Amino acid sequence: MIEVENIQKSFDGTRVLKGISTTFNTGQTNLIIGQSGSGKTVFLKCLLGLFTPDEGTICYDGKTYSDLTDDEKRNLRQEMGMVFQGSALFDSMTVEGNVRFPLEMFTKQSASEMQDRVDFVLNRVNLVDAHHKFPSEISGGMQKRVAIARAIVMNPKYLFCDEPNSGLDPKTAILIDNLIQEITEEYDITTVINTHDMNSVMEIGQKIIFLKNGVKEWEGSNKEIFKTDNEAVTNFVYSSDLFKKVRQMYIEERN
Amino acid sequence: MNYVASIGSYAIMIKEVFKKPTKWRIMKSLILKEIDELIFGSLGILVFISFFIGGVVAIQTALNITSELIPKNLVGFATRQSIILEFAPTFCSIIMAGKVGSYITSSIGTMRVTEQIDALEVMGVNALNYLVFPKIVALMLYPFIIVVSMFVGILGGWVAATFGGHSTSADFIQGITLDFIPFHVTYAFVKTLVFAFILATIPSFHGFYMKGGALDVGKASTTSFVWTSIVIVILNGILTQLLLG
């Protein structure tokens, strides 16, 4: 569980995060949504420890990040997995090399133990015959799956994903969403996903936080988002005609 | 003010490079990869340039000797002094700032743009140690290619002088052995080692802290070349005064 209390962050005098408090539960897919410039990425980078908040605290299962020593922070980071928007795979390494990298860096496993673990996670993300290919030789969807495999290879307690299905076709995007949700539930991970994708909101939004201008405007689940009367949320989520019609049908059905 | 801030950031970067070392097993392979890329990968171009520059120095010297009072062995002597004191350590370092420096800036800059450096940091890896330290260690072998450059440069001078009819082989060889001061080679190696550190760290600094996209990677490479060259030229002046002045 990640507990966030009154996080504030400014850049060059501009307040980007204006006191966000929330809780991300274990075993759930927690989504952060909001328009571009709403502070989602800065918030995610604060959770990852890449940015230090000006004020407020972030607790990872009771451990307050700002109170930890450098060594403890490093150890905590090894319990985090991250899937970047552009996958951020290492160009110079093969798929297998990318997934093995955290094991080589932080464990004392033998070569065969590492190989078993790499095979297991690549199998788990349904990548069986891409071991020796380089990132430039595989599709965007496969790159995302490699990024997920790399993120989970160390058995993380926390998984962060920044726009995990951006640039993917709708079918692959749903596969990636479902894969993240399955992994979250299977390994009891606290997953935080930064997304614009409304399909993700509807499909895997077990908890959703809506940010607007650096403030938490609304929070709830994908079931509650249909019922909300919050104008900012409905304007954002139901901005397309299709989603407006879906919501209208839902309201009519409810009445 | 920006320059002062940049110097401060550079000093902090150097401190970070030597903190939290990467596992030796991994570092060893990174160092070998960088030796292959930065040292052996540069050998060909430096040999090629050294040979012809040595030749041109010999021809220019010979063509400018108009007085009968000037001994013929001056061609070999001047070629040796030019190559050992300045061409090999300094001019080659400027060439390396273009070849190796732009490679380092663009490779690290691309990793920054594509969030690969963020990925390393999120994992808890000291990205500066992982990326920059192997380059510093690899470039400590830079004097090796400078020795080759010295040899090939003088060889180029001998070929141009003798086969071009500007000097006899005996005069040229007498010239290159005349008044040889071994400390000049030490001076060249000291400069080379200092320049090697500059060649590894300034381009890394420009790549690591760059902001923006693909176009900015190109701009960072150009800026890195300019600053690496400027620092090499300034340090060349300071070291020459300190060691020979």
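Per an unreviewed UniProt entry, chain B carries the name Phospholipid/cholesterol/gamma-HCH transport system permease protein and comes from Pseudozobellia thermophila.

As annotated in an unreviewed UniProt entry, chain A carries the name Phospholipid/cholesterol/gamma-HCH transport system ATP-binding protein and is attributed to Pseudozobellia thermophila.

(A) View of the interface of chain A and chain B. Residue-level contacts link 25 residues of chain A with 18 residues of chain B. When chain A packs against chain B, close to 1800 Å² is buried across both sides, 63% of that on carbon and sulfur atoms. Linking chain A with chain B are one salt bridge, by the criterion used here. Of the charged contacts, one joins Lys45(A) and Asp118(B) as a salt bridge, the two residues approaching to 3.9 Å between their closest N and O atoms. Listing elements by their share of the side of chain A that touches chain B, those giving two or more residues are α1 (40-48), α2 (70-77) and α3 (95-106) of chain A. The dominant element in the side of chain A that touches chain B, judged by the number of residues it contributes, is α3(A), at six residues. Residues of the side of chain A that touches chain B, tallied by class, amount to 14 nonpolar, four polar and seven charged.

(B) How the structure looks around the UniProt feature "transmembrane region" (unreviewed entry) in chain B. All names here are of chain B. Under the present numbering, the feature "transmembrane region" (unreviewed entry) in UniProt falls on residues 38-63, 140-164, 185-205 and 225-244. Note that residues 38-63 is 100% helix and 0% strand, and that its end C-alpha atoms are spaced 37 Å apart. For residues 140-164, the helix share is 88%, the strand share is 0%, and the end-to-end C-alpha distance is 37 Å.

(C) Structural context of unusual backbone geometry. Residue and element names in this part refer to chain A. The backbone phi angle of asparagine 6 is positive, close to 50 degrees, even though this residue is not glycine. When you line up the elements, asparagine 6 lands in strand β1 (residues 2-11). Look at asparagine 6 and you get partly exposed, because its relative accessible area is 31%.

(D) Main features of the packing of aromatic side chains. All names here are of chain B. Across all of its chains, the model carries 17 aromatic pairs over all chains by this definition. Both rings, one in phenylalanine 18 and one in phenylalanine 133, keep their centres 5.7 Å apart while their planes meet at 85 degrees; by these two values the pair is edge-to-face. You can see phenylalanine 18 sitting in the loop between α1 (2-17) and α2 (24-64) and its partner phenylalanine 133 sitting in helix α5 (residues 127-139), a full 115 residues away along the chain. Note on phenylalanine 18: relative accessible area 45%, which makes it partly exposed. A ring pair is formed by phenylalanine 51 and phenylalanine 52, whose centres lie 5.5 Å apart and whose planes are at 80 degrees; its orientation type is edge-to-face. An aromatic cluster is present here, built from Tyr10, Phe205, Phe208 and Tyr209 joined pairwise through their rings.

What counts and what doesn't
- Residues numbered from 1 in each chain as written.
- Chains lettered and ligands numbered in written order.
- Predicted model: local features only at pLDDT ≥ 70, side-chain atom pairs only at ≥ 80, totals over all residues.
- Heavy atoms only, no water.
- Contact = heavy atoms within 4.5 Å.
- Buried area = accessible area lost by both parts, 1.4 Å probe.
- Salt bridge = Lys/Arg side-chain N within 4 Å of Asp/Glu carboxyl O.
- Helix = DSSP H or I, 4+ residues; strand = E, 2+ residues; numbered from the N terminus.
- Nonpolar A, V, L, I, M, F, W, Y, C, P; charged D, E, K, R; others polar.
- UniProt positions renumbered as here; feature names shortened; annotations may be inferred.
- Buried < 20%, exposed > 50% of the residue type's maximum accessible area, 1.4 Å probe, protein only.
- Phe/Tyr/Trp six-rings, centres within 6.5 Å; stacked < 30°, edge-to-face > 60°.

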